[in-house]
Amino acid sequence: MAKVSFLGLGVMGYPMAGHLVKAGHEVCVYNRTAAKAQAWVDAHGGTMAKTPREAAEGAEFVMACVGNDDDLRSVCLGDDGALGAMEAGSVFVDHTTVSAKVTRELYAAADAGQISFVDAPVSGGQAGAENGQLGIMCGGDEGAYARAEPVMAAYAKACKRLGESGAGQLTKMVNQICIAGLVQGLSEGLHFAEKAGLDGKAVVEVISQGAAGSWQMANRYETMLDGEFEHGFAVDWMRKDLGICLDTADENGASLPVTAVVDQYYKDVQKLGGGRWDTSSLIERLRKMDR
């Protein structure tokens, strides 16, 4: 078993770090709000650190799941950053969804210190993290991935290396692009059923067995119909992710017309006060438009 540190104990990181303990690893955690780290230690054992640097001292693997590019830089770099304390041959694994640009920047910073850096964003939401059933998309050196994969297995349903540094983040962008269109389509379908006077739940029971079926339909249709939006990934975070997708598309020339439109629809949801609603709340935008 390995000596592992985990930086960031949000809705994803908190249970992910817990799975590492269950798998038998020695775990030290860091969180910007120390009370959250103390609560984790009280629940799972292990130790906590005051800074990312302190958490990383002596660790074979340092895992991170924070908010955005700037948050990731802050836990990696500077006097209190983890990279400054990591030993040659250790591996930094980033589970945050960030830009491929910052991933490559930090890969280079880590490489200068003979530290490996694997970008490993996740999919599966809070439920996937809690159940240890995440999809993990990885980029980085083959050897580093091979070493990190058994550790990530503690919370992975599927884990795959897609290429060199940044490939994991680019794959996560593909994931978010696909989800955006699916959720909007599902929202429009359910909204249409409501306006047509149909029983939405009965409709889904039938169409979910055919080509219209999807994970989003199977897991979100009931809460969407009931107007409950506290069950998954927040709109604020989705807009952050779609912004990364759109910026990257500007750089590589990809055309993302549906993604651009859905991003603006999520902006409308934010204006409705739904920034912390889950992404299925696109249907509420349609309902509000009718009032």
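Each remark here, short or long, concerns the structure printed above.
None of these values were measured; they are calculated from a predicted model.

Draft legend 1. Local environment of the layout of surface pockets. Volume-wise, the second largest pocket comes out at about 170 Å³. Every residue lining the second largest pocket is listed: Ser99, Ala100, Lys101, Arg104, Leu170, Met173, Gly243, Ile244, Asp247, Thr248 and Glu251. Contributions of two or more residues to the lining of the second largest pocket are made by α5 (100-112), α8 (167-195) and α11 (235-252). In terms of residue count, α11 provides more of the lining of the second largest pocket than any other element does, five residues in total. Residues belonging to the lining of the second largest pocket are distributed by class as follows: four nonpolar, three polar and four charged.

Draft legend 2. Quick look at the nonpolar core. The biggest cluster of nonpolar side chains holds 32 residues, and the ones touching the most others in it are Phe6, Val29, Met63, Ile136, Met152 and Tyr155. Of all the elements in the fold, those that place two or more residues in this core are β1 (3-7), α1 (13-22), β2 (26-30), α2 (34-44), β4 (61-64), β5 (91-94), β8 (134-139) and α7 (142-152). The leading source of residues in this core is α7, at five residues. If near-sequence neighbours (up to four positions away) are discounted, Met152 is found in contact with Met63, Val93, His95, Ala120, Ile136, Cys138, Tyr145 and Cys159.

Draft legend 3. Region of the structure containing the environment of Asp247. Along the chain, Asp247 turns up in helix α11. Sequence separation between Asp247 and Glu205 is 42 residues; the distance between their C-alpha atoms is 38 Å.

Draft legend 4. Layout of the pattern of salt bridges. In this structure the tally under the stated criterion is twelve salt bridges. Between Asp70 and Arg73 there is a salt bridge; the shortest N-O distance is 3.3 Å. A residue pair is termed a helical-turn pair when its members lie 3 or 4 positions apart in one helix, as Asp70 and Arg73 do in helix α4 (residues 69-76) at three residues. When its relative accessible area of 25% is taken as the criterion, Arg73 is described as partly exposed. What you see here is one network of salt bridges that share partners, running through Glu194, Glu284, Arg287 and Lys288.

Draft legend 5. Structural context of the packing of aromatic side chains. Enumeration according to the criterion identifies two aromatic pairs in this entry. A ring pair is formed by Phe92 and Phe117, whose centres lie 5.2 Å apart and whose planes are at 5 degrees; its orientation type is stacked. Of this pair, Phe92 sits in strand β5 while Phe117 sits in strand β6 (residues 116-119), and the two are 25 residues apart along the sequence. For Arg285, the ring lying beneath its charged end belongs to Tyr265, and the centroid distance is 3.7 Å.

Draft legend 6. Geometry of the pairing of β1. Burial of β1 is extensive: four of the five residues sit out of reach of the surface. Taken together, the five bridges between β1 and β2 define a ladder with parallel strand orientation. Note on β2: the bridge partner recorded for Phe6 is Val29. In this view, the connection linking β1 to its parallel neighbour β2 by way of α1 has right-handed handedness. The pairing of β1 with β4 spans four bridges and is parallel. Across the sheet, Val4 pairs through a bridge with Phe61, a residue of β4.

Calculation notes
Residues numbered from 1 in each chain as written. Predicted model: local features only at pLDDT ≥ 70, side-chain atom pairs only at ≥ 80, totals over all residues. Heavy atoms only, no water. 1 Å grid on protein atoms, 1.4 Å probe; cavity = no way out; pocket = protein on both sides within 12 Å on 5 of 7 lines; lining within 4 Å. Points joined across faces, edges and corners; volume = space filled by probe spheres on them. Helix = DSSP H or I, 4+ residues; strand = E, 2+ residues; numbered from the N terminus. Nonpolar A, V, L, I, M, F, W, Y, C, P; charged D, E, K, R; others polar. Core = buried A, V, L, I, M, F, W, Y, C linked by side-chain atoms within 4.5 Å. Buried < 20%, exposed > 50% of the residue type's maximum accessible area, 1.4 Å probe, protein only. Contact = heavy atoms within 4.5 Å. Salt bridge = Lys/Arg side-chain N within 4 Å of Asp/Glu carboxyl O. Phe/Tyr/Trp six-rings, centres within 6.5 Å; stacked < 30°, edge-to-face > 60°. Lys NZ or Arg CZ within 6 Å of the ring centre and 35° of its normal. Pairing = 2+ DSSP bridges. Right-handed = clockwise from strand over helix to strand, strands pointing away.

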